[in-house]
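Chain residues, written in single-letter form:
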Amino acid sequence: WKSKYYLDMSSMCEQKQDTHILPISFGNPSNEIIQGELRLSRLKQYANKTVALIDIPTEIDLKELFAFLQKSETSLRITHIKVLNQESCTPASSNFYCILCAFTSIAQSQLFIKHLNGACYVTSSAQCHIYYVINSNIIIKQQIHSNRDCCAGNKRERDSDDDDDDDH
């Protein structure tokens, strides 16, 4: 997969005939920056338990999103949800995010797509776009600091404070 479909994160979104590669990021920016890409498809041959809702406008908050998900009875079969930053493919697409939903079975994910793909969100005219997640490539791009570095710095400060006390 990597050699055939690898996408440099600095390039635009890549779209093959049957797949779509979406650059993403997540994590705590004060601790580490995690970037990657999702390989997505709408083809049933790629059906699996995990789907991605992409191009969700940032005006739609999680409360509204969860209300939208409840439009499908299969939402009760979601086992995990992960919110991801959708990296900008074009300047016009910089205000979007995506979520991953894992289901108890492939049949549940297929029904979910059938019920909600193309539907409009509760208070927005934006349409829901759902894809099967074929695979992902995740890279820890930059680690800001580690606990060891943080604690080592504090210990050095304490040691130097102790030295100052000896002078008095």
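Refer to the structure above for everything that follows.
Visitor: Looking at this model, I keep getting lost on the nonpolar core. Mind explaining?
Guide: Soluble globular proteins tend to bury their nonpolar side chains together. Ranked by internal contacts, the top residues of the largest apolar core, which has 20 residues, are Val51, Leu53, Ile56, Ile99, Phe112, Tyr121 and Ile130. Going through the elements one at a time, strand S4 (50-57), helix H2 (62-69), strand S6 (96-103), helix H3 (106-116) and strand S7 (129-143) are the ones with two or more residues in this core. Counting residues per element, this core draws most heavily on S6, at 4 residues. Leaving out residues up to four positions away in the same chain, valine 51 has contacts with Ile99, Leu100, Cys101, Phe103, Ser109, Phe112, Ile113, Ile130, Tyr131, Tyr132 and Val133. Formed by 11 residues, the second largest nonpolar core is a distinct cluster that contains Ile24, Leu38, Leu40 and Ala52.

Visitor: Would you mind going over a nonpolar patch on the surface with me for this structure?
Guide: Judged by side-chain polarity, Leu62, Phe66, Ile81 and Val83 come together as a nonpolar surface patch covering roughly 300 Å² of accessible area. When contributions to the nonpolar patch are tallied by element, the ones reaching two or more residues are H2 and strand S5 (78-86). If you trace the backbone, leucine 62 turns up in helix H2.

Visitor: Before we go on, may I ask you to explain H3 in this structure?
Guide: At 3.6 residues per turn, the α-helix brings residues three or four places apart onto the same side. Buried residues of H3: Gln108, Ser109, Phe112, Ile113 and Leu116, and no others. The buried residues of H3 all sit within an arc of 140° when viewed along its axis, so they share a single face. Of the residues flanking the end of H3, it is glycine 118, one or two places downstream, whose phi is positive at about 90°.

What counts and what doesn't
Residues numbered from 1 in each chain as written. Predicted model: local features only at pLDDT ≥ 70, side-chain atom pairs only at ≥ 80, totals over all residues. Heavy atoms only, no water. Core = buried A, V, L, I, M, F, W, Y, C linked by side-chain atoms within 4.5 Å. Buried < 20%, exposed > 50% of the residue type's maximum accessible area, 1.4 Å probe, protein only. Helix = DSSP H or I, 4+ residues; strand = E, 2+ residues; numbered from the N terminus. Contact = heavy atoms within 4.5 Å. Patch = residues over 30% accessible without salt bridge, like charges linked within 9 Å, V, L, I, M, F, W, Y side chains within 5 Å. Areas by Shrake-Rupley, 256 points an atom, 1.4 Å probe, with all protein chains shown as cover. Salt bridge = Lys/Arg side-chain N within 4 Å of Asp/Glu carboxyl O. Arc of directions from axis to C-beta.

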